[in-house]
Amino acid sequence: MTVTLEASDGVGTIRLDRPPMNALDVATQDRLRELAEEATRRDDVRAVVLYGGEKVFAAGADIKEMQAMDHAAMVVRSKALQDSFTAVARIPKPVVAAVTGYALGGGCELALCADFRIAADSAKLGQPEIMLGLIPGAGGTQRLARLVGPSKAKDLIFTGRHVKAEEALTIGLVDRVVPAAEVYEQAHAWAARLAKGPALALRAAKESIDAGLETDIDTGLTIERNWFAGLFATEDRERGMRSFVEEGPGKAKFL
C-alpha cells in the first residue's frame, strides 16, 4: 500500500510510503482519502499524525502520470484530487503533519491540511507548480493564503521557490522546527497529548474555527454559540467541570 494507517495510544499515523519521494499519484490520492475517512470513523483514533518517513514528506504529484492527462481527463480528476485532501482537512480530530525533507506541491498542500505542522530543521516547503505552467490544484491557493496571508502566498506561488524551515516558521507556514531525528517523536507526542482530551470539545473547537474562517463574524459567532451550548449535553463537560470544582483546574481525565 502507498498509504497506511496504524493506531496506538489513541494516535493514528497516516504514513505515506511510495519511495523514493512519496509522489502523490492517483492511487495514492485515493488511498489517502480512504484512510482519512477511516481515521474519522475509528474510535481508537483520537488524533492523527501525517508522516512521510525519515527522508521526505512528499515531493509533489506524479508528474509523469499528470503529463499523460489532457484537459478532459483533468476536469474529471481535479475534483477527486481536491476531495482527497479535503477529507484529510476535515478529519474532526487534531491532525499534525510531521514534515521531513521535501514538502513540495501536493506535499505542501497535504501539510496545509493539518492543524499543526512540525518540520525538520532541514525541511523545505513550497508550491513550485508555476514552473510547470500550472497553479496548485489540491487546495494550495486557498489554504496557503488563509494560513500565511495573501501576500506571502502569492510570493511562494508566483515564484515557485522553496522555503527553508526557518523561513517557513517565520511566516507561519510551520509551527515548530526541530532536529530531523525528532520530528515524528514530537509530532506523535503532540497528538498523544490531545488524544487524551475531550473528543467532542476538540471536534467542536476545530469545526468552529475552520467553519468560522469561511464566513462573516456574526455567522462564526453563531457556529461557536451552538457548539458551546451543545457541549453542555456531553459527559466530558460534566467530568471536566466536576474535576475543576473538586480537584482544581487542569486535572480532568477524559478517557
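Residues numbered from 1 in each chain as written. Predicted model: local features only at pLDDT ≥ 70, side-chain atom pairs only at ≥ 80, totals over all residues. Heavy atoms only, no water.

**Topic: the state of the cysteines**
Move 1: Applying the stated criterion across every chain, the model contains zero disulfides.
Move 2: Here cysteine 108 is not disulfide-linked; the sulfur of cysteine 113 is the nearest cysteine sulfur, at 10 Å.
Move 3: Take cysteine 108: its relative accessible area is 1%, and that puts it in the buried class.
Move 4: Judged by relative accessible area, which is 3%, cysteine 113 ranks as buried. (Disulfide = S-S within 2.5 Å. Buried < 20%, exposed > 50% of the residue type's maximum accessible area, 1.4 Å probe, protein only.)

**Things to note about the pattern of salt bridges**
Move 1: Applying the stated rule across the entire model yields 17 salt bridges.
Move 2: A salt bridge links aspartate 175 to arginine 117; its shortest N-O distance comes to 4.0 Å. Separated by 58 residues along the polypeptide, aspartate 175 in the loop between α7 (165-171) and β9 (176-178) and arginine 117 in strand β6 (residues 116-120) bring together distant segments of the chain.
Move 3: Relative accessible area serves as the criterion here: at 3%, arginine 117 is assigned to the buried category.
Move 4: With a shortest N-O distance of 3.0 Å, arginine 239 and aspartate 236 are connected by a salt bridge. Placement of the pair is arginine 239 and aspartate 236 together in helix α11 (residues 235-247), with a separation of three residues, close to one helical turn. (Salt bridge = Lys/Arg side-chain N within 4 Å of Asp/Glu carboxyl O. Helix = DSSP H or I, 4+ residues; strand = E, 2+ residues; numbered from the N terminus.)

**Quick notes on the sheet that holds β9**
Move 1: Strand order in the open sheet formed by six strands is β1-β2-β3-β4-β6-β9, and the pairing between neighbours is mixed. Each edge of the open sheet is held by one strand with a lone partner, namely β1 (3-8) and β9. Strand-to-strand twist in this sheet, taken as the mean axis angle between neighbours without regard to direction, amounts to 20°.
Move 2: Bridge analysis of β1 against strand β2 (residues 11-16) gives six bridges, and the strand direction is antiparallel. Residue pairing in the sheet places leucine 5 in a bridge with isoleucine 14 of β2. (Pairing = 2+ DSSP bridges. Axes fitted to C-alpha atoms, helices over the stretch in contact; angles between N-to-C directions.)

**Structural notes on the nonpolar core**
Move 1: Counting 62 residues, the largest nonpolar core has Leu50, Phe57, Val99 and Leu173 as the members making the most contacts within it.
Move 2: Among the elements that take part in this core, helix α8 (residues 183-195) stands out by supplying six residues, more than any other.
Move 3: What valine 99 contacts, discounting residues up to four positions off in sequence, is Phe57, Ala111, Ile118, Ala119, Ala120, Ala123, Leu125 and Val183. (Core = buried A, V, L, I, M, F, W, Y, C linked by side-chain atoms within 4.5 Å. Contact = heavy atoms within 4.5 Å.)

**A few points about the layout of surface pockets**
Any space left empty among the atoms is revealed by the rolling of a water-sized probe across them.
Move 1: Its boundaries defined by the atoms lining it, the largest pocket holds a volume of some 1,000 Å³.
Move 2: Lining of the largest pocket is provided by 33 residues; of these, Ala89, Leu112, Arg143, Asp210 and Glu214 occupy positions nearest its centre.
Move 3: Counting residues per element, the ones that place at least two in the lining of the largest pocket are α3 (71-89), α5 (140-148), α8 and α9 (199-213).
Move 4: A per-element tally of the lining of the largest pocket places α9 first, with eight residues.
Move 5: Of the residues contributing to the lining of the largest pocket, the split by class is 17 nonpolar, seven polar and nine charged.
Move 6: Taken as a whole, the second largest pocket holds about 500 Å³ of empty space.
Move 7: Every residue lining the second largest pocket is counted, 29 residues in all, and those nearest its centre are Ala61, Met66, Glu129, Leu134 and Gly137.
Move 8: Contributions of two or more residues to the lining of the second largest pocket are made by α1 (26-41), α2 (63-67), α3 and α4 (106-112).
Move 9: Of all the elements, α3 adds the most residues to the lining of the second largest pocket, at six residues.
Move 10: Partitioning the lining of the second largest pocket into residue classes produces 17 nonpolar, seven polar and five charged. (1 Å grid on protein atoms, 1.4 Å probe; cavity = no way out; pocket = protein on both sides within 12 Å on 5 of 7 lines; lining within 4 Å. Points joined across faces, edges and corners; volume = space filled by probe spheres on them. Nonpolar A, V, L, I, M, F, W, Y, C, P; charged D, E, K, R; others polar.)

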